[in-house]
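If you want the building blocks of each chain, they are given just below.
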Amino acid sequence: MTDTRDIQDTSDREIDRVLAADEARATTRRFGTGRAEALHEEETSTAGRDGDQFDREDRAALRRVSGLSTELQDVTEVEYRQLRLENVVLIGVYDRDTEDAENSLRELAALAETAGATVLDGLLQRRPHPDPSTYLGRGKVQELADIVAALEADTVVADTELAPSQRRALEDRVKVKVIDRTAVILDIFSQHAKSREGRAQVELAQLEYLLPRLRGWGESMSRQAGGQAAGGQGMGSRGPGETKIELDRRRIHDRMAKLRKQIKGFAPAREAKRANRDRFEVPSVAIAGYTNAGKSSLLNRLTQAGVLVQNQLFATLDPTVRRSTTPDGREFTLADTVGFVRSLPTQLVEAFRSTLEEVGASDVIVHVVDGAHPDPGAQLATVRDVIGEVGARELPEIVAFNKADLLDDDRTLLLRGLEPDAVFVSAHTGEGIDELRQRIADLLPQWDVELDLLVPYERGDVVSLAHEKARVLETEYEEEGTRIRLVATDRIARLIQAALEK
């Protein structure tokens with residue numbers, strides 16, 4: 001029979017171990033002042049500014065329970081473990097710019113927190129190039145292993161995209177799961193995508209990322225019986241067969257082909273909606289910008305769209321199109337697009353190309369920048385690079401520095417030097433919204449060209465084009481043909497005149 005005192009001593013030791021671990025976590029250095037510096041203080045949304053926010057309750061229903069642990073000492077002990085971020089340590093390598101490296105690591109901390117992790121510490125190493133074997137140098141890898149053991153971290157996150165060999169080598173040294181920046185972003189996208197198209201795009205990006213990183217242990221590398229050898233068919237029927245990992249690769253390729261076909265299937269509906277807007281010559285404005293810059297908040301302020309607003313990176317992924325009007329009464333559409341981030345995975349750019357087409361098909365781009373961000377210049381450059389990739393670099397652009405209520409005079413002067421023609425707005429207070437509306441109105445196509453045309457009766461195609469693309473004010477039928485008086489934009493007016501002259 002077990003002694004009661006032995007049981008009590010064991011329980012006391014276990015309690016002491018848990019308290020010591022909690023105390024170590026409490027004294028760990030964190031990025032920023034309580035949260036990652038890439039995120040600002042949470043703002044209280046109001047129904048009048050942001051709509052009803054029906055999605056907020058669903059998003060809040062999924063919460064991380066702190067204090068749980070995988071209790072896994074060595075990740076190499078299992079064949080496969082589902083990615084689960086809990087307590088993480090960040091690592092990065094930089095060459096010269098220390099400030100830029102720290103900003104990038106703080107942004108990675110914000111990404112990890114958005115994915116549901118608790119950031120315990122970060123480690124930066126200055127070296128000309130990352131180590132081709134273990135990313136960090138040999139000494140830093142040992143220091144990282146000591147930090148992971150001391151803090152009881154579950155995961156190490158690298159501020160870059162690791163090669164499969166680097167990830168395996170780091171896991172062998174630090175004995176915990178190692179992932180990279182791309183895996184964190186893909187995990188956030190998989191959590192936040194809601195529409196069928198969005199989920200298909202995220203799954204395609206995840207499979208493209210997973211394919212070159214498949215690993216095989218034990219039976220995964222064994223070969224299956226080839227041909228009908230297992231059925232006792234004898235000589236000439238045996239072949240080398242395929243390994244389990246080859247079978248997995250083939251299944252992934254098949255699934256990717258199915259997803260690409262499915263994503264193409266969404267295109268006709270999207271093009272039909274766009275063609276309907278083009279038919280009635282409704283101008284379109286695309287809101288683009290860095291993640292967490294306030295694009296959804298600005299859309300809600302302009303249209304009361306009710307799009308989810310949350311102080312998180314990539315809180316909203318699915319594009320939202322709403323109708324708005326200029327101060328002089330002209331209608332146009334506003335499209336909220338997916339946010340961008342530095343080192344955005346190429347898999348996501350390709351998978352979300354259909355969504356980013358809204359930017360390329362617009363008449364004006366409202367480029368939203370977080371004015372309170374430590375490095376707004378990097379945000380501008382990152383977003384413009386992606387805009388260029390979708391062929392929208394030549395479109396008219398309005399730079400809007402959001403969160404103007406958080407800026408002082410010195411900061412405003414600095415941003416004005418960065419973009420002299422920018423508009424300063426605040427989706428929270430409404431500051432600068434009227435000026436932004438007027439700037440949009442100035443850049444949208446004007447219906448200021450009036451035409452009086454006499455169209456021969458055999459040119460019904462011109463009459464049809466006029467009714468489809470322009471606003472017909474008056475129609476009269478004369479002996480020589482149909483007289484049409486219409487008003488249109490300069491581009492449409494030239495198109496109709498060119499068609500009549502053919």
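Now for a look at the structure at hand. (Residues numbered from 1 in each chain as written. Predicted model: local features only at pLDDT ≥ 70, side-chain atom pairs only at ≥ 80, totals over all residues. Heavy atoms only, no water.)

## Some remarks on the overall build of the protein chain
Rules: Helix and strand labels come from DSSP, where a helix needs a run of H or I of at least four residues and a strand needs a run of E of at least two; each type is numbered from the N terminus. The contact definition used throughout considers only heavy atoms, calling two residues in contact when any of these lie within 4.5 Å. Only the protein chains shown count as cover for residues, and all accessible areas are computed by the Shrake-Rupley method using a 1.4 Å probe.
Secondary structure assignment for the protein chain yields 17 helices and 13 strands. Look at the contacts in the protein chain between residues 6 or more apart in sequence, and 70% of them connect residues 24 or more apart. Surface accessibility of the protein chain: about 26,100 Å² in total, with carbon and sulfur atoms responsible for 48%.

## A closer look at helix α13 (residues 376–389)
Applied cut-off: Residue count minus one, scaled by 1.5 Å, sets the expected span of a helix.
Counted at 1.5 Å a residue, the expected span for α13 with its 14 residues is 20 Å, and the 20 Å between its end C-alpha atoms agrees. Immediately beyond the C-terminal end of α13, within one or two residues, lies Gly391, with a positive phi of roughly 75°.

## Here's the deal with the pairing of strand β13 (residues 482–488)
Quick reminder of the rule: For each residue, the accessible area found with a 1.4 Å probe, counting protein chains only, is set against the maximum for its type, and the residue is called buried under 20%, exposed over 50%, and partly exposed in between. The rule for pairing is simple: two strands pair if DSSP sees at least two bridges between them.
Counting buried positions over the seven residues of β13 gives five, a clear majority of the element. The pairing of strand β11 (residues 449–455) with β13 spans seven bridges and is classified as antiparallel. Looking at the pairing, Leu454 lines up with Arg483 of β13. The sheet contact formed by strand β12 (residues 471–477) and β13 spans six bridges and is antiparallel. Along β13, the bridge assignment pairs Val472 with Leu486. As consecutive antiparallel partners, β12 and β13 are separated by four residues.

## Quick look at the sheet that holds strand β3 (residues 155–158)
Filter applied, for reference: Axis angles are defined between N-to-C directions and span 0 to 180 degrees, where every axis is a line fitted to C-alpha atoms and, for a helix, only to the segment in contact.
On the basis of which strands lie adjacent, the open sheet formed by four strands has the order β2-β1-β3-β4 and parallel pairing. Every interior strand has two partners, whereas the edge strands, β2 (118–126) and β4 (177–180), have only one. For this sheet, the mean inter-axis angle between neighbouring strands, taken without regard to orientation, is 25°. Across four bridges, β3 lies against β4 in parallel orientation. Bridge assignment links Val157 to a residue of β4, and that residue is Ile179. Of the strands in this sheet, β1 (87–94), β3 and β4 are in contact with helix α6 (residues 164–174), which crosses β4 at around 145°.

## Remarks on the sheet that holds strand β5 (residues 284–289)
On the basis of which strands lie adjacent, the open sheet formed by six strands has the order β6-β7-β5-β8-β9-β10 and mixed pairing. This sheet does not close on itself; its edge strands, each paired only once, are β6 (320–325) and β10 (423–424). Looking at chain direction, β6 and strand β7 (residues 331–336) are connected through six bridges and run antiparallel. Within the sheet, the bridge partner assigned to Thr320 lies in β7 and is Asp336.

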